[in-house]
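Here's the letter readout for the chains.
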Amino acid sequence: MNIYAKSGPEWTPLVEHLIHVCTAVEKVAIHLGMNIEVARNGAILHDIGKSHPVFQKRLRNKHRVYVDVFRHEIASLFFLSAFPREQWSELIEMAVSHHKSVKNDVNKLGLLDLEQLCDYEDFHLGNWDKWSEDAWKILLELGVSYKLITVREARENLLYCVKYCAKKNNTRGFSEWKGLLMAGDHLASALIDKTEENSMKLFTKPDLSFYNRTHSLYPLSQIKADSLRKHTIVVACTGAGKTDYLLRRCKGRVFYTLPFQASINAMFKRVGKDLEKDNPNLDIRVLHSTSKIIKGKNTDEEVVLQSQIGASVKILTPHQLSALAFGMKGYEALILDLKGCDVILDEVHTYTGVSQAIVLKLVEVLKRIGCKIHIGTATMPIILYKKIKELLGDDVLEIKLSPTELDKFDRHIIHKISSFYDSEALIKRAISKKKKVLIVLNKVKTAQDIFDYIKSKKEFENIPTMLLHSRFKRGDRNQKEKNLIGLDEDGKSLNVYNTSSDGCIVISTQIVEVSLDISFDIMITECAPLDALIQRFGRVNRVRNLQTIGKYMPVYVISPPDDEKNARPYDLEVLKKSYAQLDDGQVLHERDLQNKIDNIFTQIDFMSIEEHSVFKSNGEISIDCLSHNGKAILFDLLEIDSVACVTESDLYEYENSSFEQRLNLEIPTYYYSVSKKRQSDKGNRPFIVPDCAYCTEKGLLADKINSSTGVIL
């Protein structure tokens, strides 16, 4: 009988999986200067317990319910004495907790948790004489010298591991060996038989010389970036060349963070295109936000998302680095991936409340593990600037544009209106002149209602009109973003929306605020905090050339609501202060923005997340070694209940598709809106919503989610 490590659709044989993991961990160990022989032996040991007949039976009958607890890690530890004794500590750390915390595991399945269960040794030993020989056939094939291990010795091996873990778990810190194994195991599980081929390009430093380009219209391109100072803070308005400058400051592998999914999608395409010529085989990845919440449990577990190690460039959101600060599953591997890299935190001014506290804690932790930190912002309150500077210390290159340079970026005239409906005549006039109109609302439902209103008007029936927000199938949203930008894969104009020579209307939420390279002619927007508004304004009159400098385009800002409920997701008082700083009918001067921002944010509550972070400000680490935090601390802090759902008609395709295909079918939504719906047990366990609750034009329709459904699971 074949012995497998993974079930369908791949059905990876155990010996092949162990070879793949060996390949991956050896590559990582070489990069990190860790012992290669130990790394290889740990890779062999970690899953050899999968040869146990109980594991093989359950792999083939995974839908059956079993009473007895079986952990393949425990079965693996019986073989500890097959390896050199001087390596045992490292091998235990690699094998024992690559899936579970050794103690206080979310499901109480860690080694020290199971110690309380009766007869777990005997159950895991099973018919030792027979199945251990099956395991030895694999070990021999992998180059491990045969050694007879009796039942008694197997028990002694496990007891040694339990004692080691009990002692280790009483010390604070993290295990690099655990991180090494998890990194290699995740990589090998993702790549399978392509592990060796792809591992050859891991940890390759990108050639970023493309960004040495200069242009008189982009003042930051004229400023040298070769300072010996380790860290960077750049304050510059949209269109000044901030992205190029931040990348010019990088000398190694790059983690590039931005606040929104739309912005990281756009940056991924942009950087990929920029670097393609000089880096034909560049390993560049964009990390998408997918998370699992299991209905009915209070122990929701946040898993490090797409945590494969060694990319040349990773583009992601800071929240996807938050496992680092909170000690969530996989944080040890994340540390190994980040060590010594260049980390760009772009658009940090957009963070408020807990999100801001997380970013500040990340700055502290990233500095601690040796990262070079480069921060970019268009507008930042001076008190926040000082806080970041305090965290980074004196080794910081600070770059700001002069008032004279800022004057060249004046491009908007502000107009105040009472409601969206005051803008209807403005939109008609703009469309008659073939202008491109961008309407930005603060809530998905509001955006959908305005979209319906525009579509109901006869005068707009032949005008290209798009709705964009976060509640679309990911595949649909990607296509909408592509259409919005208006360029094909080669960067050529599609003559639609952003690149159209005719008028169009785009209705969106704040997802368009950051890093979407679009340039519209007129904006109508709900009021938002001034720093967010400035980002929104950057989508109008964005193109800079000798003809556009000194030309101004109109932005119409709707007055804030009267109550806190309608102000959400923003603070009503901040909205009122922001609106008051805008001068009706006047040019918005870039040189005045800093004072306006500081007038609004006169104080910032630097919310402390110290109690939740495992890396303390005093230099200590508060988490027990070989453990991780299984509870979704990040979800609790941010009050995030984001989950995925799929439509009934997409369910079959979802459950029988690849990871990428599944992502394209998922619709992000709030847990409370679908909590009463049934879930698939595949992929990210999406909730199933009726087909009538989704429209390709409008996205997820919240008021139809709880319509009757006939789907059977």
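Keep in mind the model is a prediction, meaning the values are calculated, not measured.

Thresholds applied
Residues numbered from 1 in each chain as written. Predicted model: local features only at pLDDT ≥ 70, side-chain atom pairs only at ≥ 80, totals over all residues. Heavy atoms only, no water. Axes fitted to C-alpha atoms, helices over the stretch in contact; angles between N-to-C directions. Helix = DSSP H or I, 4+ residues; strand = E, 2+ residues; numbered from the N terminus. Parallel < 35°, antiparallel > 145°, perpendicular 65-115°, else oblique. Left-handed = near helix turned anticlockwise from the far one by under 90°. Contact = heavy atoms within 4.5 Å. Pairing = 2+ DSSP bridges. Nonpolar A, V, L, I, M, F, W, Y, C, P; charged D, E, K, R; others polar. Core = buried A, V, L, I, M, F, W, Y, C linked by side-chain atoms within 4.5 Å. Buried < 20%, exposed > 50% of the residue type's maximum accessible area, 1.4 Å probe, protein only. Expected span 1.5 Å × (residues − 1). Phe/Tyr/Trp six-rings, centres within 6.5 Å; stacked < 30°, edge-to-face > 60°. Salt bridge = Lys/Arg side-chain N within 4 Å of Asp/Glu carboxyl O. Patch = residues over 30% accessible without salt bridge, like charges linked within 9 Å, V, L, I, M, F, W, Y side chains within 5 Å. Areas by Shrake-Rupley, 256 points an atom, 1.4 Å probe, with all protein chains shown as cover. Lys, Arg positive; Asp, Glu negative; His and termini not counted. Charge placed at Lys NZ, Arg CZ, Asp CG, Glu CD. Polar contact = N/O pair within 3.5 Å; in protein donor to acceptor, adjacent residues only side chain to side chain. pLDDT = per-residue confidence, 0-100.

What follows is about the packing of helix 1 (residues 14-32) against helix 2 (residues 36-46). Their axes nearest at 8 Å, the elements helix 1 and helix 2 cross at an angle of 150°. One finds that helix 1 runs roughly antiparallel with respect to helix 2. Like other packed secondary-structure pairs, helix 1 and helix 2 cross with a definite hand, here right-handed. Taking contact as the criterion, the partners of His 17, Leu 18, Val 21, Cys 22, Val 25, Glu 26, Ala 29 and Ile 30 in helix 1 are, on helix 2, Ile 36, Ala 39, Arg 40, Ala 43, Ile 44 and His 46.

Reading across the sheet, the 3 strands line up as 16-15-17 and stay open at both edges, with mixed pairing between neighbours. In this open sheet, the two strands that pair with only one neighbour each are strand 16 (667-670) and strand 17 (687-689). If you compare each strand with its neighbour and ignore which way they point, the axes differ by 50° on average. Of the pairings in the sheet, the one linking strand 15 (residues 642-647) to strand 17 comprises 3 bridges and is parallel in character. Bridge pairing links Val 646 to Ile 688 in strand 17.

Spatially, the 7 strands line up as an open sheet ordered 3-4-2-5-6-1-7, and their pairing is parallel. Sheet topology places strand 3 (284-286) and strand 7 (396-400) at the edges, where each strand pairs with a single neighbour. Shown here is a sheet whose adjacent strand axes are inclined to one another by a mean of 10°, direction ignored. When strand 2 (residues 254-257) meets strand 5 (residues 342-346), the two strands line up parallel, connected through 4 bridges.

With that settled, consider the packing of helix 22 (residues 530-537) against helix 25 (residues 593-600). Put simply, helix 22 and helix 25 touch, their axes get as near as 10 Å, and they point 145° apart. For the pair helix 22 and helix 25, contact is made by Leu 530, Asp 531 and Ile 534 and by Leu 593, Lys 596, Ile 597 and Ile 600, respectively. Looking at the contact of helix 22 with helix 25 residue by residue, the class counts come to 5 nonpolar, no polar and 2 charged.

The next point concerns the nonpolar core. If you look at the biggest cluster of nonpolar residues, it comprises 73 residues, and the most contacted ones within it are Ile 48, Phe 78, Phe 79, Leu 111 and Leu 180. Counting residues per element, this core draws most heavily on helix 1, which supplies 9 residues. The residues contacting Phe 78, other than those within four sequence positions of it, are Glu 121, His 124, Leu 125, Trp 128, Trp 131, Ile 149, Ala 154, Asn 157 and Leu 158.

Our focus in this paragraph is helix 1. Residues three or four positions apart in an α-helix share a direction because the helix packs 3.6 residues into each turn. Counted at 1.5 Å a residue, the expected span for helix 1 with its 19 residues is 27 Å, and the 27 Å between its end C-alpha atoms agrees. Every buried residue of helix 1 is listed here: Leu 14, Val 15, His 17, Leu 18, His 20, Val 21, Cys 22, Thr 23, Ala 24, Val 25, Val 28 and Ala 29. Elements in contact with the buried residues of helix 1: helix 2, helix 8 (128-141), helix 10 (176-191) and helix 11 (195-199). Gly 33 sits one or two positions beyond helix 1 and adopts a positive phi of about 75°.

Any pair of aromatic rings gets described here by the distance separating the centres and the angle formed by the planes. Tallying each qualifying case throughout the model produces 17 aromatic pairs. A ring pair is formed by Phe 79 and Trp 136, whose centres lie 6.5 Å apart and whose planes are at 70°; its orientation type is edge-to-face. Highlighted residues: Phe 79 in the loop between helix 4 (72-77) and helix 5 (88-96) and Trp 136 in helix 8, separated in sequence by 57 residues. Assigned by exposure class, Phe 79 and Trp 136 land together as buried. Centre to centre, the rings of Phe 174 and Tyr 331 are 6.4 Å apart; their planes meet at 65°, and the pair counts as edge-to-face. With a gap of 157 residues between them, Phe 174 in the loop between helix 9 (151-168) and helix 10 and Tyr 331 in helix 15 (residues 331-338) connect regions that are remote in the sequence.

Locating Ser 209 in the fold gives a position in the loop between helix 11 and strand 1 (231-235). Each C-alpha atom, one on Ser 209 and one on Asp 278, is 8.1 Å from the other, the two residues being 69 residues apart in sequence.

A few words on the pattern of salt bridges. Note on pairing: side chains with opposite charge can pair once their charged atoms come close. By the definition in use, this model includes 34 salt bridges. Residues Asp 337 and Lys 314 are paired through a salt bridge, measuring 2.5 Å at the closest nitrogen-oxygen approach. Here the residue Asp 337 occupies a position in helix 15, and Lys 314 occupies one in strand 4 (residues 313-316), the gap between them amounting to 23 residues. Both residues of the pair, Asp 337 and Lys 314, belong to the buried class. A salt bridge links Glu 405 to Lys 408; the shortest N-O distance between them is 3.8 Å. With a relative accessible area of 40%, Lys 408 lands in the partly exposed category. Each of the salt bridges in this network shares a partner with another, and the network as a whole consists of Glu 424, Lys 428, Lys 457 and Glu 459.

Taking burial as the measure, the 6 residues of strand 6 (residues 372-377) include 6 buried ones, the bulk of the element. Covered by surrounding structure in strand 6 are Lys 372, His 374 and Gly 376 together with Ile 373, Ile 375 and Thr 377, the residues of both alternating faces. In this sheet, strand 6 lies alongside strand 1 in parallel orientation, the contact comprising 4 bridges. If you follow Ile 233 over to strand 6, its bridge partner there is Ile 375. Both strand 5 and strand 6 contribute to a ladder of 5 bridges, which runs parallel. From the neighbouring strand, Ile 344 faces strand 6, where its bridge partner is His 374.

Across the junction of Arg 568 and Pro 569, the peptide omega takes the value 15°, indicating a cis bond. By the secondary structure assignment, Pro 569 is in the loop between helix 23 (564-567) and helix 24 (572-580). Residues other than glycine seldom take positive phi values, yet Leu 626 does so here, at roughly 70°.

Moving on: a negative patch on the surface. Where like charges cluster on the molecular surface, the negative patch consists of Asp 562, Asp 563, Glu 564, Asp 571 and Glu 573. By secondary structure assignment, the location of Asp 563 is in the loop between strand 13 (553-558) and helix 23. Classification of Asp 563 by relative accessible area gives partly exposed; the value is 30%.

Moving on, we come to the side chain of Glu 153. Its location among the elements puts Glu 153 in helix 9. You can call Glu 153 buried: its relative accessible area is 18%. Polar side-chain contacts of Glu 153 include one of 2.5 Å to the side chain of Lys 147. In this view, Glu 153 contacts Ser 81, Lys 147 and Leu 148; residues no more than four positions away in its chain are not counted.

So, about a nonpolar patch on the surface. Together, Leu 140, Tyr 146 and Leu 148 make up an exposed nonpolar region whose accessible area comes to about 310 Å². By secondary structure assignment, the location of Tyr 146 is in the loop between helix 8 and helix 9.

Turning to the environment of His 589, a few remarks are in order. Looking at the element boundaries, His 589 is found in the loop between strand 14 (586-587) and helix 25. For the pair His 589 and Arg 411, spaced 178 residues apart in sequence, the C-alpha separation works out to 8.2 Å.

Here we come to the confidence of the model for the protein. Scored by pLDDT, the protein comes out at a mean of 88, with 93% of its residues at no less than 70. Across the protein, the secondary-structure element scoring lowest on mean pLDDT is helix 26 (residues 633-638), at 60, and the one scoring highest is strand 12 (residues 522-526), at 98.

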